[in-house]
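The chain contents come next:
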Amino acid sequence: MTTRRTILQDIALAVPLLAAWRTGALAAIARSALDPWARQVVALNRGLAAGEVGLLNWQDRIAALDTSVPVGEVVRYLDIDKLTAHFAYPNKLAETADLHFPKTVWVGAMQRPWFLRVFAMREGGAVIPHAHNNMVSAHLVVRGNFHARTFDRIHDEKDAIAIRPSLDRLLSPGEIITMSDERDNVHWLVAQRNRSMTFDIGVLNISKTRTYKITANEYSMIYIDPTPTPQSDGLIHAPVIGFEQSARKFAA
């Protein structure tokens, strides 16, 4: 009798669970497990925008946050596969889609001087080399592999930026690079497989006082050519170039 009652109880529990699975309710419950992570991202970005978090501190903390959760869960939480399913990859430039945290995570969040975005490329596609003015960003590999090169921005010249190489290696899913005015300001990514993707977090217009010799475009980007031979002091004097010239050279 006890065994029969236990079986009936198990069936009674299984029926609503099966219904929940069929309606996607369990998936929603599982996805919500990443809400605390998303809230920490919101809080960190808010702190940076308010001047309570420094640039290098943001880079270290966002890297720790993004690599603290499984890549597959990040992809599922942000619906990256659904949002990128229509990408056709007509050329070697990145295709992009803006991402969003659940509305419950945004409650009480600051107005968004920052973005969540996926960058996707076919094999050989590139995030062409560029510097940024007055922003930070983090680039978590969620699909494929990338040959990543980063450079510290040492000083601006009239029509070039003096840079020093800081990283040159292959990145796999779960690995991350970050940038700010203080560290690894220049980056260049080349996809090693079709449908290679990064999940990016960027915060714009951070400082009200920092000035630059070289003006960025409306996306806070400055395209450069980092391929000249380094000088004896290790610096590369990377000329500033236009988008079209950069695309022809690095994403042809």
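The text that follows walks through the structure, step by step, so that each part is easy to find. (Residues numbered from 1 in each chain as written. Predicted model: local features only at pLDDT ≥ 70, side-chain atom pairs only at ≥ 80, totals over all residues. Heavy atoms only, no water.)

### Some remarks on the pairing of strand 6 (residues 160–171)
Pairing analysis gives ten bridges linking strand 5 (residues 146–156) to strand 6, with the strands arranged antiparallel. Following the sheet pairing, aspartate 152 is matched in strand 6 by arginine 164. Here four bridges tie strand 6 to strand 11 (residues 236–239), and the two strands are oriented antiparallel to one another. Residue isoleucine 161 lies in a different strand from strand 11, and its bridge partner there is alanine 238. (Pairing = 2+ DSSP bridges. Helix = DSSP H or I, 4+ residues; strand = E, 2+ residues; numbered from the N terminus.)

### Focus on the nonpolar core
Looking at soluble globular proteins, one finds that nonpolar side chains tend to be buried together. Trp37, Trp58, Ile80, Phe101, Trp114 and Phe199 are the most contacted members of the largest nonpolar core, which has 41 residues in total. Residue assignment for this core shows that the elements contributing at least two residues are helix 3 (35–49), helix 4 (55–66), helix 5 (71–77), helix 7 (103–106), strand 2 (114–121), strand 4 (135–143) and strand 9 (196–204). In terms of residue count, the dominant contributor to this core is helix 3 (six residues). (Core = buried A, V, L, I, M, F, W, Y, C linked by side-chain atoms within 4.5 Å. Buried < 20%, exposed > 50% of the residue type's maximum accessible area, 1.4 Å probe, protein only.)

### Structural notes on the pattern of salt bridges
Throughout the structure, instances matching the rule amount to nine salt bridges. The partner of arginine 153 in a salt bridge is aspartate 156, with the nearest N and O atoms 2.9 Å apart. In this structure, arginine 153 and aspartate 156 share a single accessibility class: buried. The closest approach of N and O atoms between lysine 249 and aspartate 225, which form a salt bridge, is 2.7 Å. (Salt bridge = Lys/Arg side-chain N within 4 Å of Asp/Glu carboxyl O.)

### What to know about helix 4
For helix 4, which comprises twelve residues, the first-to-last C-alpha distance of 16 Å matches the rise-based estimate of 16 Å (1.5 Å per residue) to within 8%. If you check which residues of helix 4 are buried, you get Leu55, Trp58, Gln59, Ile62, Ala63, Leu65 and Asp66. With its buried residues spanning 160 degrees around the axis, helix 4 presents them on a single face. (Expected span 1.5 Å × (residues − 1). Arc of directions from axis to C-beta.)

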